[in-house]
Amino acid sequence: MYQEERLAAILHYLQDHQRISVQDVVEQFGVSRDTARRDMVKLEEQGQILRTRGGAILPTLSKKSYSYQERMQLDLTGKRSIAAIAAGLVKNGDYLLLDASTTVQLAIESLETTDHVIITSSLAAASSLAGKKGFQVKLLGGDVHPEDQYAYGSRTIQNLSDYHVDKLFIGACGITPHGLVSPTEESGYLIKEMMKRADQVIVLADHSKFGKSMLYRVAELHQLDIIVTDQKPNADLVEALLRHEVELLVAEDIHE
């Protein structure tokens, strides 16, 4: 077996078992301990693994984030199913606060209710909703994030402090049994402040966000009211959500 084939096989093993030892590589692939160590060094240089004493694990910290344009070009099938369910949670006359999530934007654009006040940090959401009948749209002020197209910073937080709404809709970069997480403190802190301004916190997250650990914890699970997703998360996260009384709405269950 060539080294590249062996490296791919090691990663596949790690996905199933979470950890691999040097001895596992020796026994699985019939190579020497020196060869097994060289394989692990190569994978670590590529950023694929973290070497530990006697073996390796997959990195648990997700550092990749996508710009607004990149997120809009991803497969939207799961997001549209989430958006349809989320739209059904809104009643006529609700005052809504929105972050800059593309899934949140899809949900609000599909609303069939009316008489709404919409407050958002998202330039794209404000632009798409501004001309919609029965909607009064308020765009939070502040600095504009060049990639993600949302307002942030001290002016945004100050502006936000003047409002109170019925429902907050936010996307999720990652959800673990320890809470809602974000790759950056600036976006995470803004959402943390948004949560203080709403009676109900609703998170829209496709299945790829479950289990992702990131730099900044935005909120603990008990601070969330509802999570809407396209596929059920693993048993550990489901148990944690039940323990913290977070309602889980799964599109694949609802549409069956």
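Counting starts from 1 at the beginning of each chain's written sequence and moves along it residue by residue. Side-chain atom pairs in this predicted model are given and counted only at pLDDT of 80 or more, local residue features only at pLDDT of at least 70, and totals for whole chains, interfaces and linings cover all residues. Only heavy atoms go into the side-chain values, all of them from the structure, while hydrogens and water stay out.

Each helix is a run of H or I in the DSSP string that is no shorter than four residues. Each strand is a run of E no shorter than two, and both are numbered from the N terminus. Helix and strand content of the chain: eleven helices and 15 strands. Its C-alpha atoms put the chain at 70 × 40 × 30 Å along the principal axes. Sorting the 256 residues of the chain into buried and exposed places 48% on the buried side. For this analysis, residues touch if any pair of their heavy atoms sits within 4.5 Å. Here the contacts in the chain between residues at least 6 apart in sequence split such that 58% fall between residues at least 24 apart. Note on areas: these come from Shrake-Rupley sampling with a 1.4 Å probe, and a residue is covered only by the protein chains present in the view. A total of about 13,400 Å² of accessible surface is found on the chain, and carbon and sulfur atoms cover 47% of it. Note that His is not counted, nor are the chain ends; the positive residues are Lys and Arg, and the negative ones are Asp and Glu. Each charge is placed at NZ for Lys, CZ for Arg, CG for Asp and CD for Glu. Averaging the coordinates of the 27 positive side-chain charges in the chain and doing the same for the 36 negative ones gives two points 4 Å apart. Any residue under 20% of the maximum accessible area for its type is buried, any over 50% is exposed, and the rest in between are partly exposed; the area is computed with a 1.4 Å probe on protein chains only.

What counts as an axis is a line fitted to C-alpha atoms, over the stretch in contact for a helix, and the angles between N-to-C directions run from 0 to 180 degrees. The N-to-C vectors of helix 1 (residues 3–17) and helix 2 (residues 22–29) enclose an angle of 120°; their axes lie 12 Å apart at closest approach. The angle between helix 1 and helix 2 falls in the class oblique. The two elements helix 1 and helix 2 cross, and the hand of that crossing is right-handed. Side by side, helix 1 and helix 2 meet where Arg-6, Ala-9, Ile-10 and Tyr-13 of the first sit next to Asp-24, Val-25, Gln-28 and Phe-29 of the second. Residues belonging to the contact of helix 1 with helix 2 are distributed by class as follows: five nonpolar, one polar and two charged. The scheme is simple: roughly parallel for angles under 35 degrees, roughly antiparallel for over 145, roughly perpendicular for 65 to 115, oblique for anything else. Working rule for handedness: look at the near helix, and if it is turned counterclockwise from the far one by less than a right angle, call the crossing left-handed; if clockwise, right-handed. Think of it as three bins: nonpolar holds Ala, Val, Leu, Ile, Met, Phe, Trp, Tyr, Cys and Pro, charged holds Asp, Glu, Lys and Arg, and polar takes everything else, Gly as well.

This next bit is on unusual backbone geometry. Phi at Asp-115 is positive, roughly 65°, even though this residue is not glycine. For Gln-149, which is not glycine, the phi dihedral falls at a positive 55°. Inspection of the secondary structure assignment puts Gln-149 in the loop between strand 7 (143–144) and strand 8 (151–152). With a relative accessible area of 29%, Gln-149 lands in the partly exposed category.

Now for the packing of helix 2 against helix 3 (residues 33–45). Put simply, helix 2 and helix 3 touch, their axes get as near as 9 Å, and they point 115° apart. Classified by the angle their axes make, helix 2 and helix 3 are roughly perpendicular. The two elements helix 2 and helix 3 meet at a crossing, and its hand is right-handed. Note on element contacts: helix 3 touches helix 2 through Arg-33, Ala-36, Arg-37, Asp-39 and Met-40, opposite Val-22, Gln-23, Val-25 and Val-26. When the residues that make up the contact of helix 2 with helix 3 are grouped by side-chain class, the tally is five nonpolar, one polar and three charged.

Looking now at the sheet that holds strand 9 (residues 165–171). Whenever strands of a sheet pair, they do so through backbone hydrogen bonds, lying parallel or antiparallel. Across the sheet, seven strands lie side by side as 6-5-4-9-12-14-15; this open sheet has parallel pairing. Bordering the open sheet on either side are strand 6 (135–139) and strand 15 (247–250), each of which pairs with just one other strand. Taken pair by pair, the neighbouring strands of this sheet meet at an average axis angle of 20°, ignoring direction. Pairs of strands are assigned from DSSP output, requiring at least two bridges between the strands. Where strand 12 (residues 198–204) and strand 14 (residues 226–229) come together, three bridges link them in parallel fashion. When the bridges of strand 14 are listed, Ile-202 appears paired with Ile-226.

With that settled, consider the pattern of salt bridges. The salt bridge definition used is simple: a Lys or Arg side-chain nitrogen within 4 Å of an Asp or Glu carboxyl oxygen. Scanning all chains against the criterion turns up nine salt bridges. Arg-51 is paired through a salt bridge with Glu-44; the nearest N and O atoms lie 2.8 Å apart. Since its relative accessible area comes to 44%, Arg-51 is described here as partly exposed. Judged by relative accessible area, Glu-44 falls into the partly exposed class, the value being 30%.

pLDDT is defined as a per-residue confidence score from the predictor, taking values between 0 and 100. Predicted confidence across the chain gives a mean pLDDT of 88, with 92% of residues reaching 70 or more. By mean pLDDT, helix 4 (residues 68–73) is the weakest element of the chain at 51, and strand 4 (residues 95–98) is the strongest at 98.

In this section: the side chain of Ser-121. For Ser-121, the location among the structural elements is in the loop between strand 5 (116–120) and helix 7 (123–129). With residues up to four places along the chain from it excluded, the contact list for Ser-121 reads Leu-98, Asp-99, Ala-100, Leu-139, Leu-140, Gln-149, Tyr-150, Ala-151, Leu-190 and Met-194.

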